[in-house]
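Close look at the chain arrangement
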Amino acid sequence: MRKILHIVGNRPQFIKLAVLYNALARDGSLQQQIIHTGQHFDYQMSDIFFEQLNIPLPTLNLNIQNNSANLFIATAAEGLQNYFSENKKSIVFVYGDTNSTLAAAMAAKRCNLPLVHFEAGVRTAELSMPEEINRVLTDRLSDINYCCTKNNLQTMINEGFGSAISSQVILSGDLMLDAFNKIAGARENVTKHKQYVACTIHRAATLSSKDAITNIINALNKINRIIPVVMPLHPHTKKKIAEYGVKPKFTQLSPLGYPAMKTFLANSTNIITDSGGVSREAYFSKKKSLIIMDKPFWPEIITQQCSLNCSPAEFLITEKFNDLHTLTPNFDTNIFGNGNAALIIQKHLSAYFKNI
Ligand code: UDP
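Read on for a plain summary of the structure.

Here is what the cut-offs are and how they apply
- Residues numbered from 1 in each chain as written.
- Predicted model: local features only at pLDDT ≥ 70, side-chain atom pairs only at ≥ 80, totals over all residues.
- Heavy atoms only, no water.
- Disulfide = S-S within 2.5 Å.
- Buried < 20%, exposed > 50% of the residue type's maximum accessible area, 1.4 Å probe, protein only.
- Helix = DSSP H or I, 4+ residues; strand = E, 2+ residues; numbered from the N terminus.
- Expected span 1.5 Å × (residues − 1).
- Contact = heavy atoms within 4.5 Å.
- Near = heavy atom within 4 Å.
- Polar contact = N/O pair within 3.5 Å; in protein donor to acceptor, adjacent residues only side chain to side chain.
- Nonpolar A, V, L, I, M, F, W, Y, C, P; charged D, E, K, R; others polar.
- Pairing = 2+ DSSP bridges.
- Right-handed = clockwise from strand over helix to strand, strands pointing away.

A few words on the state of the cysteines. This structure, assessed with the given rule, holds zero disulfides. No disulfide involves Cys310; its sulfur sits 11 Å from the nearest other cysteine sulfur, which is in Cys199. Its relative accessible area of 5% is what places Cys310 among the buried residues.

Here it is, written out as structure tokens:
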């Protein structure tokens, strides 16, 4: 029997896996296994998602916890290649744009296994961004590329995918939207505030220097004087705040499980984030958001006037946050599909399996 090997390592990948695994399980002719690279490892960043979202435990956890991107990719690729070479009748499924994604893509191709990528065609044209490197290379290596948006699909077509580059490119819509629609929010909110800004900051690019993080924290401290800012703190952000001795004056929480996070976003007034996932969920939750990214991964949300974006400069963050009220957002376009991405992928993959 053909086997799908899902390679995951971080929080948003567990969430996408949760909905896809269930959909694929409906096809009795497919076997599935989960391999965890170990990128996110503590309870709040990993186990809680497997528990709360009913994801089967990984068959293998490589337990790689390495701060250097290149070392992580090399170690993960080596470990995965060893596993893939013993599982020759498999298809490798990768998600997003992380170091785990690229490591698995390289290992799959070295073992000559079909490679499937979800979240293809996202581009910032900024090759200095680690995520951009990972996604451009992974798209290129993949035999099937599933795209979340029409924009992503068009990017792939413009780059020659499906013609000069032999790869199937499919518009699936976004598994994050499936998750958002299918997984119920927690009954109680984690904050007692009636009005607040839900905030997440974690990307390495945003927290790259003391200046950058000081700028962001100062801006959030200022906004917090007008409306409470509440931030579930990513371990990387916590580490950087401590390392640079910056003093947040807003509310900080431990990282949340997905249902708690969904309720936390749903009850917020606005959202400030540098997260690709949370910026989409701001749109799904119909909340105006400020995306702290020079080149956002999902410019479609900005085109619909649902978000503004800016680089991590103190005055820009406060200014753009104040400008959110000038937006006249359209939350009703189906930028990310109809919430049936898992079904589209399941049908497509079942047909693909029959033909190989
Ligand atoms: N998320 C969560 N708990 C939190 C913060 C985020 O469950 O405390 C979820 C969030 O709702 C989204 C995903 O994690 O579904 C986004 O992950 P993250 O921001 O870490 O990564 P990115 O999307 O930027 O790759």
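That shown, we press on.
If you check helix 3 (residues 69-85), its first and last C-alpha atoms are 24 Å apart, about what 17 residues at 1.5 Å a residue would give, namely 24 Å. Looking at the buried side of helix 3, the elements it contacts are strand 1 (3-8), strand 2 (31-36), strand 3 (60-61), strand 4 (90-95), helix 4 (99-110) and helix 5 (130-141).

Around the ligand, the surrounding shell holds 17 residues, and the nearest of these are Arg11, Leu256, Ser275, Gly277 and Glu281. A distance of 2.7 Å is found between a nitrogen atom of the ligand and a backbone nitrogen or oxygen belonging to Leu256. A distance of 2.7 Å separates an oxygen atom of the ligand from a polar side-chain atom of Ser275. Put simply, the parts of the chain that give the shell around the ligand at least two residues each are helix 1 (11-25), helix 10 (258-266) and helix 11 (276-284). The residue inventory of the shell around the ligand, partitioned by class, reads 10 nonpolar, five polar and two charged.

Before going further, it helps to spend a moment on the environment of Gly9. Counting through the fold element by element, Gly9 comes out in the loop between strand 1 and helix 1. Between the alpha carbons of Gly9 and Ile226 there is a distance of 37 Å; along the sequence they are 217 residues apart.

Before going further, it helps to spend a moment on the pairing of strand 7 (residues 168-171). As paired elements, strand 6 (residues 144-147) and strand 7 share four bridges and run parallel to each other. Residue pairing across strands places Ile144 opposite Gln168, the latter belonging to strand 7. In the classification by handedness, the crossover that spans strand 6, the intervening helix 6 (residues 150-158) and the parallel strand 7 is right-handed.

In short, the description is geometric, and any link to function would need to be established separately.
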